[in-house]
Amino acid sequence: MSDNNIPEKPWSGRFNEPTDAFVEAFTASVNFDQRLYRYDIQGSIAHATMLAKADILTTAERDEIISGLEAIREQIARGEFKWSVSLEDVHMNIESALTQRIGDAGKKLHTGRSRNDQVATDIRLYMRDEIKIICAEILRLQQALLTMAEQEADTVMPGFTHLQTAQPVTFGHHMMAWFEMLQRDRERLADCNKRVNIMPLGAAALAGTTYPIDRHYTAELLGFERPAENSLDAVSDRDFAIEFSAAASLIMMHLSRFSEELVIWSSAQFSFIELSDSFCTGSSIMPQKKNPDVPELVRGKTGRIFGHLISLLTLMKGQPLAYNKDNQEDKEPLFDTIDNLKGCLKVFADMIPAISCKHDNMRSAAMQGFATATDLADYLVRKGTPFRDAHEVVGKAVAYCIEKDKDLSACALEELQQFSSNIEQNVFDVLTLEGSVAARNHIGGTAPQQVRLAIKRAHLKIAE
Ligand code: ARG
């Protein structure tokens with residue numbers, strides 16, 4: 001204890017001068033890494049348990065350490081712990097509080113470890129939990145999409161390429177496209193977790209430790225798959241965080257595209273959907289406005305998540321082995337990614353069930369853009385016209401309809417026959433929107449029957 005009652009830094013022995021006040025604040029991470037406290041304590045309890053098993057600590061010391069750490073955990077949870085910037089980070093704050101509380105046994109906790117393997121372990125424990133929560137939120141969103149797809153399996157809307165009307169699709173099919181993207185996102189996180197769930201503890205500062213530690217035992221206590229193979233790698237690489245951040249970026253890229261559609265669809269010009277009032281805001285000046293702020297904000301937040309990926313990649317690229325202080329900078333981008341990703345997924349999962357479809361508007365939009373032109377060409381091909389000729393014939397028929405300001409399906413049979421003698425009365429079966437979607441009846445196609453089969457398979461997939 002120093003004169004003014006502030007505990008000394010655990011490393012102060014080698015130093016003659018106190019740390020410059022600004023440098024102390026500049027190098028400290030406690031203001032943000034304190035969120036890791038539960039994992040830090042969990043790791044320390046496992047470490048002490050292993051040390052006692054290996055006869056490096058007595059069981060009495062182990063028990064004092066564990067109950068001391070548990071008491072500190074409660075104190076932090078109650079908001080009564082005094083964090084000190086002069087103790088730099090979450091690790092030294094907790095260790096110092098432990099020693100103040102239990103005396104000499106507390107000073108033994110750090111035997112056979114370093115903050116370097118400690119912090120790498122804390123982040124992995126934290127990420128493992130967060131990945132679980134994020135996957136559950138993705139799943140909730142997927143379930144909302146499945147419900148919507150079921151309800152709207154027969155709903156016809158225009159499908160777009162280049163944001164120009166292309167061919168009719170079903171709204172259910174469209175929702176299932178988002179389901180698929182999110183399924184891959186969830187698989188990516190599960191795969192990333194395999195590499196997160198490896199234990200650095202025991203790597204110590206960089207080279208391992210001279211004590212007879214049992215890393216397999218500590219790994220087992222902490223639920224890690226196995227101890228990391230190489231101590232230098234274990235303390236220094238943050239590739240697992242970068243990988244997570246890349247997976248998070250892909251999720252945000254998907255949510256951002258989805259947001260863009262919701263914004264377009266809820267505009268007066270499209271008016272395909274109505275977002276619930278509880279997910280929109282008004283304008284302080286234009287009384288008529290109902291703004292799709294939620295999807296806009298999700299789209300906007302995508303930028304910072306991409307930015308964090310670049311931050312982490314750049315943070316890592318210049319570092320020689322092994323640990324460098326640079327790595328302290330991994331936390332804020334990682335935390336911000338996790339907080340915002342969870343927020344975006346939550347708001348989406350809540351918002352989707354509250355969307356209502358404007359079926360008539362979707363239908364009439366699909367009618368307007370000659371969405372069944374390809375169906376007419378396919379019809380002619382079935383009647384023996386080569387596809388390129390059929391394409392030409394339909395192009396002319398569309399030009400005719402534009403001039404007459406009507407849809408292909410509104411033409412009389414004789415009008416259509418001007419363009420090809422292969423056209424007969426049954427052409428009208430393929431010119432309707434329902435006929436068009438129903439005809440795409442194969443796996444992956446937009447036919448309502450196929451959408452229902454896809455939903456069934458999806459239910460099985462998410463139950464796995
Ligand atoms: N606060 C540090 C970090 O986040 C903990 C590890 C510090 N290790 C050290 N040798 N300075 O990376």
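All figures in this text were calculated on a predicted structure; none of them were measured in a lab. (Residues numbered from 1 in each chain as written. Predicted model: local features only at pLDDT ≥ 70, side-chain atom pairs only at ≥ 80, totals over all residues. Heavy atoms only, no water.)

Caption draft 1: Summary view of the pairing of strand β1 (residues 156-161). Strand direction decides the pairing type here: β1 and strand β2 (residues 164-170), joined by six bridges, are antiparallel. Note on β2: the bridge partner recorded for Pro158 is Pro168. The antiparallel hairpin formed by β1 and β2 contains two residues in its connecting segment, where His162 sits at a positive phi of about 60°. (Pairing = 2+ DSSP bridges. Helix = DSSP H or I, 4+ residues; strand = E, 2+ residues; numbered from the N terminus.)

Caption draft 2: Broad picture of the side chain of Asp185. If you trace the backbone, Asp185 turns up in helix α8 (residues 171-196). Excluding residues within four positions of it along the chain, Asp185 makes contact with Ile138, Leu250, Ile251 and His254. (Contact = heavy atoms within 4.5 Å.)

Caption draft 3: The pattern of salt bridges, seen in detail. All told, the structure shown has 32 salt bridges when counted by the stated rule. A single network of salt bridges, built from pairs that share partners, joins Glu88, Asp89, Arg115 and Lys325. (Salt bridge = Lys/Arg side-chain N within 4 Å of Asp/Glu carboxyl O.)

Caption draft 4: View of helix α7 (residues 115-151). The end-to-end C-alpha separation of α7 is 54 Å, in line with the 54 Å expected for 37 residues at 1.5 Å each. Here α7 starts with a cap whose side-chain oxygen sits 2.8 Å from the backbone nitrogen of Asn116, and that cap is Ser114. (Expected span 1.5 Å × (residues − 1). Polar contact = N/O pair within 3.5 Å; in protein donor to acceptor, adjacent residues only side chain to side chain.)

Caption draft 5: Focus on the environment of Lys383. Mapped onto the elements of the fold, Lys383 is located in the loop between α15 (373-382) and α16 (387-404). Separated by 39 residues in the primary sequence, Lys383 and Asn422 place their C-alpha atoms 6.3 Å from one another. With residues near it in sequence (within four places) discarded, Lys383 still touches Asn422, Glu424 and Asn426.

Caption draft 6: Focus on the packing of α7 against α8. Axis separation between α7 and α8 bottoms out at 9 Å; the angle between their running directions is 165°. The angle between the axes of α7 and α8 places the two elements in the roughly antiparallel class. For α7 against α8, the interelement crossing comes out left-handed. Classifying every residue of the contact of α7 with α8 by side-chain character gives 20 nonpolar, four polar and five charged. (Axes fitted to C-alpha atoms, helices over the stretch in contact; angles between N-to-C directions. Parallel < 35°, antiparallel > 145°, perpendicular 65-115°, else oblique. Left-handed = near helix turned anticlockwise from the far one by under 90°. Nonpolar A, V, L, I, M, F, W, Y, C, P; charged D, E, K, R; others polar.)

Caption draft 7: Representation of the site of the ligand within the structure. In the region of the ligand, the neighbouring residues are Ser29, Asp33, Asp89, His91, Arg115, Asn116, Val119, Tyr323, Gln328 and Lys331. Interatomic distance of 3.1 Å between a side-chain N/O atom of Asp89 and a nitrogen atom of the ligand. One nitrogen or oxygen atom from the side chain of Asn116 is found 2.9 Å from a nitrogen atom belonging to the ligand. Surface burial for the ligand is 86%, taken as the share of its 340 Å² of free accessible area covered by protein chains. Counting residues per element, the shell around the ligand draws most heavily on α7, at three residues. (Near = heavy atom within 4 Å. Areas by Shrake-Rupley, 256 points an atom, 1.4 Å probe, with all protein chains shown as cover.)

Caption draft 8: Spatial organisation of the environment of Ala399. Topologically, Ala399 is positioned in helix α16. Among the residues examined, Ala399 registers a relative accessible area of 45% and is labelled partly exposed. Separated by 172 residues in sequence, Ala399 and Pro227 place their C-alpha atoms 69 Å apart. (Buried < 20%, exposed > 50% of the residue type's maximum accessible area, 1.4 Å probe, protein only.)

Caption draft 9: Seen up close, the packing of aromatic side chains. Under the criterion given, the structure shown has 11 aromatic pairs. Where Phe258 meets Phe348, the ring centres are 5.3 Å apart and the plane angle is 50°; that geometry is what we call tilted. Of the two residues, Phe258 is situated in helix α11 (residues 239-265) and Phe348 in helix α13 (residues 331-351); the sequence distance between them amounts to 90 residues. In this structure Phe258 comes out as buried when scored by relative accessible area, which is 1%. (Phe/Tyr/Trp six-rings, centres within 6.5 Å; stacked < 30°, edge-to-face > 60°.)

Caption draft 10: View of unusual backbone geometry. Of note, the bond from Leu321 into Ala322 is cis; its omega dihedral lies within 30 degrees of zero at 0°. Here Ala322 lies in the loop between α12 (293-317) and α13. Even without being glycine, Asp55 reaches a positive phi, approximately 60°. Take Asp55: it is sitting in the loop between α3 (37-53) and α4 (59-77). By relative accessible area, Asp55 is classed as exposed at 69%. Even without being glycine, Glu88 reaches a positive phi, approximately 70°. Considering the arrangement of structural elements, one finds Glu88 in the loop between α4 and α5 (90-102). By relative accessible area, Glu88 is classed as buried at 11%.

Any functional reading would require information beyond the geometric quantities listed.
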